[in-house]
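Secondary and tertiary structure notes
In case you want the letters, here they are:
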Amino acid sequence: RFSQDGGVVAVNIQRDTTYGLALNGEVWPELFESATDFVLEPQGRSGAAVVQTQSLAAADIQAYQRGVYTVAVDGRAWDTTFVNAWTPAFDAAGTRVAASVRLSLYDYTIAVDGQPWAKRYATVWEPRFNPASGSVAAPFRAAGKWGMLQDDQMLWPADFAQVWQPAFAPDGKKLWAIVAPRFSRFTAAVDGRAWDQTFESATDLVLAPDGRKAALLGKEGDRWTVAVDGQAWPGGYDRVWPAVFSPDGAHAAARIQRGEKFTVVVDGRPYSKEFDQVFDPAFGPEGDRVLIRAVNQGTFIRIVAPLADF
């Protein structure tokens, strides 16, 4: 994992039979028998992971059900243990951590800084902190349907067949997620309202810099596309990578594969040339040009293309 500015490198490490994290070569003060679900806060000052705090004998079901898993932050484990824990997430300041936890064989909730919410749910997914208010949101399942919680209260009614990958706008005013309005049909939703267009599969939700737009990858049959604000780009591709927005959010670009060739598509319009390989595009600061980095016949190519070339 890398910090946002690239100044910190975090790696999962093993020392003898214990596991943990090292940040710029500095190893956690305590390592654990098991450590998974590593996460680094954006500035790279802290790391967290799900850890096992007690040894389990073979087939020791009773100890497992009492709970031997928790979250460790910078090598220090929470005092509370759980049957399972998953997907720890930092807040915007990098000082608080939330995780989805399993309290028994049948009860799930969210724990924030080691303290579980009071209510119990059939299932919960990955929590996310609101970057403005510090509230915690997480998908939850009730009576076979999925909705969204915020601070242990229902935010979106449980009306969906699935909800996952929640993401807040930078100002915290909008909450996005990938949802299934009905079984096996997926799309994006903002503040509980789903796009009209759905897909057989949807993944890689990406927000524009201001969080007012979103893009995802949608699949129908064996063809992939990019959908931005509920509108899919025309045609389809053999493979698509996550979209990249311009700084003002007015345009979106993605690298795609058609057959054995690759190119970049902007707002649904492919670049005029194809390549043997292409890397993720990048917009210029004004959003009117796109950097294309590609490989053709063993030669690396760098093109700065105006939007008119698409």
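Criteria and thresholds
Within each chain, residue numbers correspond to sequence positions counted from 1 in written order. Under the rules for a predicted model, residues below a pLDDT of 70 receive no local features and side-chain atom pairs below 80 are neither given nor counted, while totals for whole chains, interfaces and linings still include all residues. To get the side-chain values, take all heavy atoms of the structure and skip hydrogens and water. Within this scheme a cavity is a closed region of a 1 Å grid, computed over the protein atoms alone, that accommodates a 1.4 Å probe without allowing it to escape, whereas a pocket is open but has protein on both sides within 12 Å along at least five of seven lines; lining residues each have an atom within 4 Å of a point. Grid points are joined across faces, edges and corners, and a volume is the space filled by probe spheres set on the points. In DSSP terms, a helix is any run of H or I states spanning at least four residues, a strand is any run of E spanning at least two, and both are numbered starting from the N terminus. All residues other than Ala, Val, Leu, Ile, Met, Phe, Trp, Tyr, Cys, Pro, Asp, Glu, Lys and Arg, Gly among them, are scored as polar; the first ten of these are nonpolar and the last four charged. In this analysis, rings of Phe, Tyr and Trp, with Trp reduced to its six-membered ring, are considered paired at centre separations within 6.5 Å, and the interplanar angle assigns stacked below 30 degrees, edge-to-face beyond 60, and tilted for intermediate values. Classification of residues uses two cut-offs on accessible area relative to the type maximum, computed with a 1.4 Å probe and protein chains only: under 20% is buried, over 50% is exposed, and between them is partly exposed. The patches reported here contain residues having more than 30% relative accessible area and no salt bridge. Joining distances are 9 Å for like charges and 5 Å for nonpolar side chains (Val, Leu, Ile, Met, Phe, Trp, Tyr). The method behind every accessible area is Shrake-Rupley, applied with a 1.4 Å probe, and residues are considered shielded solely by the protein chains displayed. Whenever a carboxyl oxygen of Asp or Glu lies within 4 Å of a side-chain nitrogen of Lys or Arg, that contact is scored as a salt bridge. Pairing between strands is defined by DSSP: at least two bridges between them are needed. As used here, the term nonpolar core means buried Ala, Val, Leu, Ile, Met, Phe, Trp, Tyr and Cys residues forming a set that is joined through side-chain atoms within 4.5 Å. Pairs of residues are marked as contacts when any of their non-hydrogen atoms sit within 4.5 Å.

A closer look at the layout of surface pockets
- In this structure, the largest pocket spans a volume of roughly 590 Å³.
- Around the largest pocket, the lining is made up of 21 residues, and of these P42, A89, F90, R128 and F129 lie nearest the centre.
- Those elements that place two or more of their residues in the lining of the largest pocket are strand 4 (35–40), strand 8 (84–90), strand 13 (128–129) and strand 17 (162–168).
- Top element by residues in the lining of the largest pocket is strand 8. It accounts for 4 residues.
- Class assignment of the residues belonging to the lining of the largest pocket gives a composition of 14 nonpolar, 3 polar and 4 charged.

What about the packing of aromatic side chains?
- Using the criterion set out here, one finds 10 aromatic pairs in the structure.
- Ring geometry for W28 and F32: centres 6.4 Å apart, planes at 90°, overall edge-to-face.
- Residue class for W28 comes out buried when judged on its relative accessible area of 6%.
- With centroids separated by 6.3 Å and ring planes inclined at 75°, the aromatic side chains of W176 and W195 adopt a geometry described as edge-to-face.

Quick word on a nonpolar patch on the surface
- A contiguous nonpolar patch, built from F2, V9 and V11 and spanning about 280 Å² of accessible area, is present on the exposed surface.
- On the secondary structure map, F2 appears in the segment before strand 1 (10–15).

As for the sheet that holds strand 22 (residues 214–220)
- Spatially, 4 strands are ordered 21-22-23-24 in an open sheet, and the strand pairing comes out antiparallel. The outermost strands of the open sheet, each flanked by one partner alone, are strand 21 (201–207) and strand 24 (231–232).

Quick word on the nonpolar core
- Core analysis: the biggest nonpolar cluster contains 16 residues, and V264, V266, Y271, F275, V290, I292 and F310 have the highest contact counts within it.
- Those elements giving two or more residues to this core turn out to be strand 28 (261–266), strand 32 (289–296) and strand 33 (299–306).
- When sequence neighbours within four positions are dropped, the list of residues in contact with I292 reads V264, Y271, F275, I301, R302, I303, A305 and F310.

Notes on the sheet that holds strand 4
- Across the sheet, 4 strands lie side by side as 4-5-6-7; this open sheet has antiparallel pairing. The open sheet is flanked by strand 4 and strand 7 (76–77), the only strands paired with a single partner.
- Bridge count for strand 5 (residues 47–52) against strand 6 (residues 69–73) is 5 bridges, and the pairing is antiparallel. If you follow A49 over to strand 6, its bridge partner there is A72.

Considerations on the pairing of strand 14 (residues 136–142)
- The buried fraction of strand 14 amounts to 5 of the 7 residues, a majority that puts the element mostly inside the structure.
- Here strand 12 (residues 123–124) runs beside strand 14; their pairing, made up of 2 bridges, is antiparallel. Bridge pairing links T123 to R141 in strand 14.
- Where strand 13 lies against strand 14, 2 bridges are found, and the strand directions are antiparallel. Along strand 14, the bridge assignment pairs F129 with V136.
- In this antiparallel pair of consecutive strands, strand 13 and strand 14, the connection spans 6 residues, and G134 shows a positive phi of 80°.
- Here 6 bridges tie strand 14 to strand 15 (residues 145–150), and the two strands are oriented antiparallel to one another. Residue pairing across strands places A137 opposite Q150, the latter belonging to strand 15.

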